Amino acid sequence: ATRPTFTVNGDMDGTATFTDNATVVVNGDFGTGENIDPNTPIASDSLARINIHNNGSLSVGGDMHGDLVVGGRLESVTADNIYDSTVVAGGRISTVNVSGTVSDSVFQAGLSSGNDGIFASDSDSADLFEGGTLESIISFTAGIVSNSIIAAGNGIDSFRANTSIDNSSVVS
């Protein structure tokens, strides 16, 4: 079966959920990091979220300010910069390629949100297949990595910060 491709020819805010495999292409920015209503506080700067319940990939032509939750393998994530983002995959993460900066973000291989794509607040409310497994990150490349966590229980084959790494943890 061919994997469907979802393409946005500009910026993307809001939430998109795919119940199977998906390739997502955002030719602009993914998330703005801005709150539309200044009188309503938000928990984080992330206003955009993509849930892919099986295997997937994300290509962002600009900056990423959002969350990506993949139930299976995350084959690739590419962006100019990634800020204030959470990227988790129930399976391995094959490739992360950021030409600029990764800041205030978390990348975790082997963490699944289960069937509903939402992490439970405690083990009693977890749904089927929610939990963790030992998975790997094959390749992670960025210009600068700052205030971020890159983690995989089964190893990180290749990690490269082309310019610098500051106040970050790379755990494998």
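Throughout, residues of each chain are indexed from 1 in the direction in which the sequence is written. Residue-level local features of this predicted model are given only where pLDDT is at least 70; pairs of side-chain atoms are given and counted only at 80 or more, and the full residue set underlies all totals for whole chains, interfaces and linings. Side-chain measures here rest on the full set of heavy atoms in the structure, leaving out hydrogens and waters.

S.K.: In this structure, what is going on with the overall build of the protein chain? I would like to understand it.
M.R.: Helices and strands together make up the secondary structure of the protein chain, namely zero helices and 18 strands. Considering the protein chain as a whole, with its 172 residues, one finds that 43% of them fall into the buried category. In what follows, residue pairs with any heavy atoms lying within 4.5 Å of each other are defined as contacts. A sequence separation of at least 24 residues applies to 33% of the contacts in the protein chain between residues at least 6 apart. Using a 1.4 Å probe, accessible areas were evaluated by the Shrake-Rupley method; residue-level cover was limited to the displayed protein chains. On the protein chain, roughly 8,300 Å² of surface is accessible, and the fraction owed to carbon and sulfur atoms is 46%. Strands here mean DSSP runs of E at least two residues long; helices mean DSSP runs of H or I at least four residues long; both are numbered from the N terminus. Burial status follows relative accessibility: with a 1.4 Å probe on protein chains alone, a residue under 20% of its type maximum counts as buried, one over 50% as exposed, and anything between as partly exposed.

S.K.: Quick question: what am I supposed to make of the nonpolar core here?
M.R.: Soluble globular proteins tend to pack their nonpolar side chains together in the buried interior. Nonpolar cores were defined as sets of buried Ala, Val, Leu, Ile, Met, Phe, Trp, Tyr and Cys residues, with membership established by side-chain atoms within 4.5 Å. Within the largest apolar cluster, 35 residues are counted, with the highest numbers of intra-cluster contacts made by Ile-50, Leu-58, Leu-68 and Phe-140. For Ile-50, the residues in contact, after removing those within four places along its chain, are Met-12, Ala-16, Phe-18, Val-24, Phe-30, Leu-58, Asp-67, Leu-68 and Val-69.

S.K.: Quick question: what am I supposed to make of the sheet that holds strand S7 (residues 66-70) here?
M.R.: Hydrogen bonds between backbone groups are what pair the strands of a sheet, and the pairing can be parallel or antiparallel. When DSSP locates at least two bridges between a pair of strands, those strands are taken to pair. The seven strands lie next to each other as S2-S4-S7-S10-S12-S16-S18, forming an open sheet whose pairing is parallel. Among the strands making up the open sheet, the edge pair consists of strand S2 (14-18) and strand S18 (169-171). Each neighbouring strand pair of the sheet contributes to a mean axis angle of 5°, computed without reference to strand direction. When strand S12 (residues 106-109) meets strand S16 (residues 149-152), the two strands line up parallel, connected through four bridges. What sits directly across from Phe-107, in S16, is Ile-150. Helix axes are fitted only over the stretch in contact, all axes being lines through C-alpha atoms; the angle between N-to-C directions runs from 0 to 180 degrees.

S.K.: It is not clear to me how the pattern of salt bridges should be interpreted in this structure. Could you clarify?
M.R.: Oppositely charged side chains may form a pair once their charged atoms are brought near each other. Here, a salt bridge means any side-chain nitrogen of Lys or Arg that lies within 4 Å of a carboxyl oxygen of Asp or Glu. Applying the stated rule across the entire model yields one salt bridge. Residue Glu-75 pairs with Arg-73 through a salt bridge whose shortest N-O separation is 3.6 Å. Here Arg-73 falls in the partly exposed class, since its relative accessible area comes to 33%.

S.K.: So what exactly am I meant to see when it comes to the pairing of strand S8 (residues 74-79) here?
M.R.: Both strand S5 (residues 56-60) and S8 contribute to a ladder of four bridges, which runs parallel. In the sheet register, Leu-58 faces S8, and the bridge partner there is Val-77. Across five bridges, the pairing between S8 and strand S11 (residues 93-103) is parallel. Across the sheet, Leu-74 pairs through a bridge with Ile-93, a residue of S11.

S.K.: Can you help me understand the packing of aromatic side chains in this one?
M.R.: Both the distance between ring centres and the angle between the ring planes are used here to describe each pair of aromatic rings. Each pair of aromatic rings taken from Phe, Tyr and Trp, with Trp reduced to its six-membered ring, is defined by centres within 6.5 Å and is described as stacked if the planes are under 30 degrees apart, edge-to-face if over 60, and tilted in the remaining cases. On inspection of all chains with the given rule, the structure shows three aromatic pairs. Pairing Phe-107 with Phe-140 gives two aromatic rings, centres 5.1 Å apart and planes at 85°, and the pair type is edge-to-face. Remark: Phe-140 occurs in strand S15 (residues 137-146) and Phe-107 occurs in strand S12; sequence separation between them is 33 residues. Of the two residues, Phe-107 and Phe-140, both sit in the buried class. Taken together, Phe-107, Phe-140 and Phe-159 form an aromatic cluster joined through their ring pairs.

S.K.: When you look at the side chain of Asp-63 in this model, what are you seeing that I'm missing?
M.R.: Relative to the elements of secondary structure, Asp-63 occurs in strand S6 (residues 63-64). With no salt bridge to any partner, buried Asp-63 finds its closest opposite charge in Arg-160, at an N-O distance of 19 Å. Here the side chain of Asp-63 touches Asn-81 through a polar contact of 2.9 Å, side chain to side chain. Apart from the residues within four sequence positions on either side, Asp-63 is in contact with Gly-28, Asp-29, Phe-30, Asp-80, Asn-81 and Tyr-83. Working convention for charge: Lys and Arg count positive, Asp and Glu count negative, and His plus the chain ends are omitted. Contacts described as polar in this section are N or O atom pairs within 3.5 Å, which, within protein, must combine one atom able to donate a hydrogen with one able to accept it, while residues neighboring in sequence count only if both atoms come from side chains.

S.K.: Would you mind showing me how to read the pairing of S12 here?
M.R.: Residue alternation in S12 divides its side chains into a buried set, Phe-107 and Ala-109, and an unburied set, Val-106 and Gln-108. Inspection of the sheet shows strand S10 (residues 86-89) paired to S12 by four bridges, in the parallel sense. The residue bridging Val-88 from the neighbouring strand is Gln-108, located in S12.

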